[in-house]
Amino acid sequence: MKRIFSGIKPTGHLTLGNYLGAVRRWVEEEQYRTDALFSVVDLHALTVHHDPARVRRLTLQAATLLLAAGLDPARCTVFVQSHVDEHTRLSYLLECTAADGELRRMIQYREKASRAEAAGQGVRLSLLTCPVLMAADILAYGTDEVPVGEDRTQHVELARDLAVRFNRRYGHTFTVPRATRPRVGARVMDLQDPTSTMGKSHASPAGIVHLLDDADTVRRKVGRAVTDSGSELVYDRAERPGLANLLDVLAACGGGDPRDLAGAYTSYGALKKDAAEAVVELLAPVRKRHAELASDPAYVGGVLREGAERARAMARPRVDTAYRAIGLLPPG
Ligand code: TRP
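Here's a quick rundown of the structure. None of these values were measured; they are calculated from a predicted model.

Next up on the list: the layout of surface pockets. The volume enclosed by the second largest pocket comes to roughly 160 Å³. Along its surface, the second largest pocket is lined by Leu43, Leu46, Thr47, Thr88, Ser91, Tyr92, Glu95, Ser126, Thr129, Cys130 and Leu133. Residue assignment for the lining of the second largest pocket shows that the elements contributing at least two residues are α3 (86-95) and α6 (125-139). For the lining of the second largest pocket, a count of residues per class yields 5 nonpolar, 5 polar and 1 charged.

Have a look at this one:
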């Protein structure tokens with residue numbers, strides 16, 4: 001069975017975009033089809049200015065939501081990255097494999113570094129090296145495939161390069177992973193800015209539906225979604241992005257083709273109402289299950305402990321091999 005690794009960074013509340021774009025497919029397909037690891041990659045949340053209590057809270061919340069959404073700990077490994085030391089152990093060896101220049105060239109580093117600088121927050125060294133940590137996340141497990149969005153393919157490329165380079169220098173140690181572009185269930189855009197995706201860390205929350213938003217909040221956000229001028233309702237992503245996004249959301253929640261759905265409406269009001277109700281209905285069972293799990297911290301803690309143990313057992317032998325291969329004396 002193919003091994004896949006996916007990471008979710010606890011820098012914000014999980015959104016409808018995360019759910020429809022990724023998590024739902026993990027739940028419905030990946031955990032059955034592959035040997036999958038799903039990690040809340042909390043170490044990655046420390047690469048930019050952060051609030052310790054918030055990171056801790058969001059880490060537990062993200063893990064709980066993954067379980068609430070239907071990841072089954074009997075079918076896949078759900079764990080918190082910092083619970084498994086192998087990630088940082090391996091990251092250092094990969095820092096000794098990577099070159100300064102190839103990290104400084106990373107597009108995301110440049111963007112985030114200039115944003116941090118503009119905010120007067122200083123650029124953490126870990127922001128430069130986090131792609132190496134991500135490579136360690138992937139390589140520690142002998143991962144075959146990494147499902148990532150377009151903006152992260154450069155990072156998976158780095159993981160490939162480092163695996164090849166390490167293997168060539170020190171002997172075969174790592175599987176060379178490949179990035180797969182997940183067949184996007186739905187690419188959900190920000191309701192206030194339908195040309196950018198509904199991400200976790202967007203400046204304004206008005207256009208972002210969070211998985212834990214209550215029904216009224218969902219209705220308000222969808223109701224205030226920006227639409228386009230033009231009275232005829234047709235699906236056209238380029239010319240009418242706001243309208244297309246609402247149709248995509250409706251189709252992703254309730255099924256159907258967004259183009260066909262367009263023909264069923266004559267007013268934005270009716271479309272927004274139906275889209276909002278479809279989202280409310282989709283999220284209701286996840287919210288309910290999340291509340292149940294959140295009231296049983298011992299259960300969630302146990303799942304994460306077992307997940308970390310399993311992950312550690314998978315990673316440890318490979319990381320130990322890498323330690324020996326690179327020239328470190330094994331402890332007696
Ligand atoms: N860096 C990714 C992000 O910014 C999260 C991530 C960390 C990841 N390690 C990973 C994704 C390994 C896939 C595989 O969202």
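So that's the structure; there's more coming.
Neighbouring the ligand are Phe5, Gly7, Lys9, Val41, His44, Met134, Asp137, Ile138, Val146 and Arg152. Within the side chain of Lys9, an N or O atom sits 3.1 Å from an oxygen atom of the ligand. Protein chains shield 91% of the accessible area of the ligand, which is 360 Å² for the free molecule. Put simply, the parts of the chain that give the shell around the ligand at least two residues each are β1 (3-8) and α6. Across the shell around the ligand, the residue classes tally to 5 nonpolar, 2 polar and 3 charged.

Under the defined criterion, the tally for this structure stands at 6 aromatic pairs. Arranged with centres 6.4 Å apart and planes meeting at 75°, the rings of Phe5 and Phe79 form a pair that is edge-to-face. With Phe5 in strand β1 and Phe79 in strand β3 (residues 77-80), this pair connects stretches of sequence that are 74 residues apart. Per residue, the accessibility class of Phe5 equals that of Phe79, and both read buried. Where Phe166 meets Phe174, the ring centres are 5.0 Å apart and the plane angle is 65°; that geometry is what we call edge-to-face. In terms of burial, Phe166 and Phe174 fall into one category: buried. Taken together, the ring pairs in this structure connect Phe5, Phe79 and Tyr141 into an aromatic cluster. Across from the ring centre of Tyr323, 4.3 Å away, lies the NZ or CZ of Arg89, which sits over that ring.

Taking burial as the measure, the 6 residues of β1 include 5 buried ones, the bulk of the element. Examined bridge by bridge, β1 and strand β2 (residues 35-40) share 6 bridges and lie parallel to one another. What sits directly across from Arg3, in β2, is Asp35.

Now for α3. Residues spaced three or four apart along an α-helix point in a common direction, a consequence of the helix completing one turn every 3.6 residues. Burial runs high along α3: 7 of the 10 residues are buried. For α3, the full list of buried residues reads Glu86, His87, Arg89, Leu90, Ser91, Leu93 and Leu94. Looking at the buried side of α3, the elements it contacts are β1, β3, α6, α7 (153-170) and α12 (297-325).

We now examine the side chain of Thr77. Tracing the backbone through its elements, the reader meets Thr77 in strand β3. By relative accessible area, Thr77 is classed as buried at 3%. Reaching out from Thr77, the side chain makes a polar contact with the side chain of Arg310 at a distance of 3.2 Å. Residues in contact with Thr77, not counting those within four places in the same chain, are Ala36, Leu37, Phe38, Gly307, Arg310, Ala311 and Met314.

Right, let's get into empty space enclosed by the protein. Enumeration according to the criterion identifies 1 cavity of 30 Å³ or more in this entry. Empty space within the largest cavity amounts to approximately 60 Å³. Every residue lining the largest cavity is listed: Lys9, His44, Thr47, Gln108, Tyr109, Lys112, Leu127, Cys130, Pro131 and His155. When contributions to the lining of the largest cavity are tallied by element, the ones reaching two or more residues are α5 (107-118) and α6.

Conventions and cut-offs
- Residues numbered from 1 in each chain as written.
- Predicted model: local features only at pLDDT ≥ 70, side-chain atom pairs only at ≥ 80, totals over all residues.
- Heavy atoms only, no water.
- 1 Å grid on protein atoms, 1.4 Å probe; cavity = no way out; pocket = protein on both sides within 12 Å on 5 of 7 lines; lining within 4 Å.
- Points joined across faces, edges and corners; volume = space filled by probe spheres on them.
- Helix = DSSP H or I, 4+ residues; strand = E, 2+ residues; numbered from the N terminus.
- Nonpolar A, V, L, I, M, F, W, Y, C, P; charged D, E, K, R; others polar.
- Near = heavy atom within 4 Å.
- Polar contact = N/O pair within 3.5 Å; in protein donor to acceptor, adjacent residues only side chain to side chain.
- Areas by Shrake-Rupley, 256 points an atom, 1.4 Å probe, with all protein chains shown as cover.
- Phe/Tyr/Trp six-rings, centres within 6.5 Å; stacked < 30°, edge-to-face > 60°.
- Buried < 20%, exposed > 50% of the residue type's maximum accessible area, 1.4 Å probe, protein only.
- Lys NZ or Arg CZ within 6 Å of the ring centre and 35° of its normal.
- Pairing = 2+ DSSP bridges.
- Contact = heavy atoms within 4.5 Å.

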